[in-house]
Amino acid sequence: MTPEDVRTLISSAEEAMANAMAPYSKFKVGAALLSGDGTIYTGCNIENPSLMLSTCAERIAILKALSEGASTFKAIAIVSNDGGYCFPCGSCRQLIHEFAPEAEVYLKSDEGIKKYTILELLPHPFEKGEQGA
Ligand code: THU
């Protein structure tokens, strides 16, 4: 990823965040996932009055991409509206590990940009067949 690639991906995440539906938490999140062929798939969080039906931005971006046939991913950028780094929730870390294990994870705050691998964010992930059964 060149610095320009990272800037483009973060801009896409920020554009997606504008569509967030977060009337309950007021915490808006945007995610942008770059596939192996260069396509960017975006997502924003969408909350629901039945709160358990709320969906994270990252999950929407990943499921959109998979449902459109993308299968390899280079990077994911995540932004939020509170000025801090939005570290993905545990479920989204598991999804990234499962479907985009090679993706570099970029988080942007008012302070700057941090870059992680998914194994830094999710050491010892659940993996089918590794549980001793
Ligand atoms: N949220 C995300 O979209 N992604 C994350 O990584 C963390 C949390 C959303 C879920 C909910 O709509 C709101 O942020 C506050 O929990």
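See the structure above.
Structural notes, computed from the coordinates. (Residues numbered from 1 in each chain as written. Predicted model: local features only at pLDDT ≥ 70, side-chain atom pairs only at ≥ 80, totals over all residues. Heavy atoms only, no water.)

A few points about the nonpolar core
Considering soluble globular proteins, one finds that nonpolar side chains tend to be buried as a cluster.
Point 1. Membership of the largest hydrophobic core comes to 22 residues, with the highest contact counts inside it found for L33, A65, F73, I76, I78, I96 and V105.
Point 2. When residues of this core are assigned to their parent elements, the largest contribution, four residues, is made by helix α2 (residues 57–67).
Point 3. When near neighbours in sequence (up to four residues on either side) are disregarded, F73 contacts L33, L34, S35, G36, A65, L66, F99, A100, E102 and A103.
Point 4. Counting eleven residues, the second largest nonpolar core, distinct from the first, contains L9, A32, L34 and Y106. (Core = buried A, V, L, I, M, F, W, Y, C linked by side-chain atoms within 4.5 Å. Buried < 20%, exposed > 50% of the residue type's maximum accessible area, 1.4 Å probe, protein only. Helix = DSSP H or I, 4+ residues; strand = E, 2+ residues; numbered from the N terminus. Contact = heavy atoms within 4.5 Å.)

Overview of the sheet that holds strand β2 (residues 40–44)
Point 1. One open sheet accounts for five strands, arranged β2-β1-β3-β4-β5; its pairing is mixed. Lying at the two open borders of the sheet, with one neighbouring strand each, are β2 and β5 (113–116). Between one strand and the next, the sheet's axes are offset by a mean angle of 15°, whatever the strand orientation.
Point 2. When strand β3 (residues 73–80) meets strand β4 (residues 104–108), the two strands line up parallel, connected through four bridges. Directly across from A77, in β4, lies its bridge partner Y106. (Pairing = 2+ DSSP bridges. Axes fitted to C-alpha atoms, helices over the stretch in contact; angles between N-to-C directions.)

Description of the pairing of β2
Point 1. Two strands pair when backbone bridges link them, and strand β1 (residues 29–35) and β2 are joined in this way by five bridges, in the antiparallel orientation. Directly across from A31, in β2, lies its bridge partner G43.
Point 2. Counted along the chain from β1 to the antiparallel partner β2, the turn is four residues long, and its residue G38 has a positive phi close to 95°.

Notes on the site of the ligand
Point 1. What surrounds the ligand is the set S25, F27, V29, N45, E47, C56, A57, E58, C86, F87, P88 and C89.
Point 2. The contact in question runs from an oxygen atom of the ligand to an N or O atom on the side chain of E47, over 2.6 Å.
Point 3. One of the backbone N or O atoms of A57 is found 2.9 Å from an oxygen atom in the ligand.
Point 4. For the ligand, the protein covers 78% of the area, taking 370 Å² as the surface of the free molecule. (Near = heavy atom within 4 Å. Polar contact = N/O pair within 3.5 Å; in protein donor to acceptor, adjacent residues only side chain to side chain. Areas by Shrake-Rupley, 256 points an atom, 1.4 Å probe, with all protein chains shown as cover.)

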